[in-house]
Amino acid sequence: MKPNKPEQFSTEVISRLKYYVYRLIDPRNGETFYIGKGKANRVFAHAQGDIESDELSEKMSRIRAIKLAGFDVAHVIHRHGLDEKTAFEVEAALIDAYPGITNIMDGHGNNEFGAMHAVEIINKYSAAVAEFEHKVLMININRSALDNSVYEATRYAWRISLNKANQADYVVAVVQGLIVGVFIADNWLEATSENFPDKTTVKGRKGFVGKQAPEEIVKLYLGKRIDDKYRKKGASNPVKYSW
């Protein structure tokens, strides 16, 4: 007789687990589609689609599709018994190892210390520091975006103050401390499929419609390194301001 499939951890197990890092897996093809960290019964809540903020996310769409096909989301707990800081680091390393997953944001520290080629590391630490002559909004994006459109990766979807975003002269895309794109945001809008027909609605976030900055502005900032004062170690917010 097969044991009953667990739907939650007991209090005793939770006390031993502490923080842990897990993968959610699509049983139809064995593909990992999400990396997470948590404690208590978070892995079960995620696998069951019971995280309220995920209602309209790409991850939630995947979970619903799995359930409609008659399957349950599979999961693997990679490490447990961790403190929160270590869990962040393990989560970040796994996100690097699974490109194409549905995590909206990079793992903790990925934009600074994630997977890089030796040439990238040399470029990162030898590049000139950007000296901002304008009000610049900096957005850290996933390095995998460099395989596609930097503009598309930069313009959607962020927790950001519209009042402050509208003050910016330019928006720069940053990957692991280096500026990889420079844009003008003509209009900031709620991150909905109505405003952005090719995107999925993400509640509480904003996106912009814009274009590449003029060539002289691009030359001023592209390839430069973000000053350390804007890159506080341990800060998880991908959006920063020069003013």
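Analysis parameters
Residues numbered from 1 in each chain as written. Predicted model: local features only at pLDDT ≥ 70, side-chain atom pairs only at ≥ 80, totals over all residues. Heavy atoms only, no water. Pairing = 2+ DSSP bridges. Helix = DSSP H or I, 4+ residues; strand = E, 2+ residues; numbered from the N terminus. Phe/Tyr/Trp six-rings, centres within 6.5 Å; stacked < 30°, edge-to-face > 60°. Buried < 20%, exposed > 50% of the residue type's maximum accessible area, 1.4 Å probe, protein only. Lys NZ or Arg CZ within 6 Å of the ring centre and 35° of its normal. Salt bridge = Lys/Arg side-chain N within 4 Å of Asp/Glu carboxyl O. Axes fitted to C-alpha atoms, helices over the stretch in contact; angles between N-to-C directions. Contact = heavy atoms within 4.5 Å.

(A) Spotlight on the pairing of strand β8 (residues 206-212). Relative to β8, strand β5 (residues 156-158) runs antiparallel, the two sharing two bridges. The partner of tryptophan 158 across the bridge, within β8, is lysine 206. As paired strands, strand β7 (residues 178-190) and β8 are joined by seven bridges and run antiparallel to one another. Bridging across to β8, glutamate 190 finds its partner in lysine 206.

(B) Representation of the packing of aromatic side chains. Counted by the stated rule, this structure contains ten aromatic pairs. Ring centres 4.9 Å apart and planes at 65° place the aromatic pair tyrosine 156 and phenylalanine 196 in the edge-to-face group. Of this pair, tyrosine 156 sits in strand β5 while phenylalanine 196 sits in the loop between β7 and β8, and the two are 40 residues apart along the sequence. By the burial criterion, tyrosine 156 is buried, and phenylalanine 196 matches it. Each residue in the set Phe9, Tyr20, Tyr22 and Phe44 is aromatic and connected to the rest through ring pairs, giving one cluster. Over the face of the ring belonging to tyrosine 241 we find lysine 164, whose NZ or CZ atom lies 4.4 Å from the ring centre. The ring centre of tryptophan 243 lies 5.8 Å from the NZ or CZ of lysine 164, which sits over that ring.

(C) Region of the structure containing the pattern of salt bridges. Applying the stated criterion across every chain, the model contains six salt bridges. A salt bridge links arginine 155 to glutamate 152; its shortest N-O distance comes to 3.1 Å. We classify glutamate 152 as partly exposed; its relative accessible area is 26%.

(D) Structural detail: the sheet that holds strand β1 (residues 19-26). With respect to topology, three strands assemble into an open sheet ordered β2-β1-β3, the strand pairing being antiparallel. Two strands bound the open sheet, and with one partner strand each, they are β2 (31-38) and β3 (74-82). Between one strand axis and the next, the sheet turns through 15° on average, direction left out of account. Inspection of the sheet shows β1 paired to β3 by six bridges, in the antiparallel sense. Of the residues in β3, the one forming a bridge with arginine 23 is valine 76. With respect to the sheet, helix α3 (residues 58-68) is in contact with β1 and β2, its orientation differing from that of β2 by roughly 120°. Across the face of the sheet, helix α4 (residues 84-97) comes into contact with β1, β2 and β3 while running at roughly 165° to β2.

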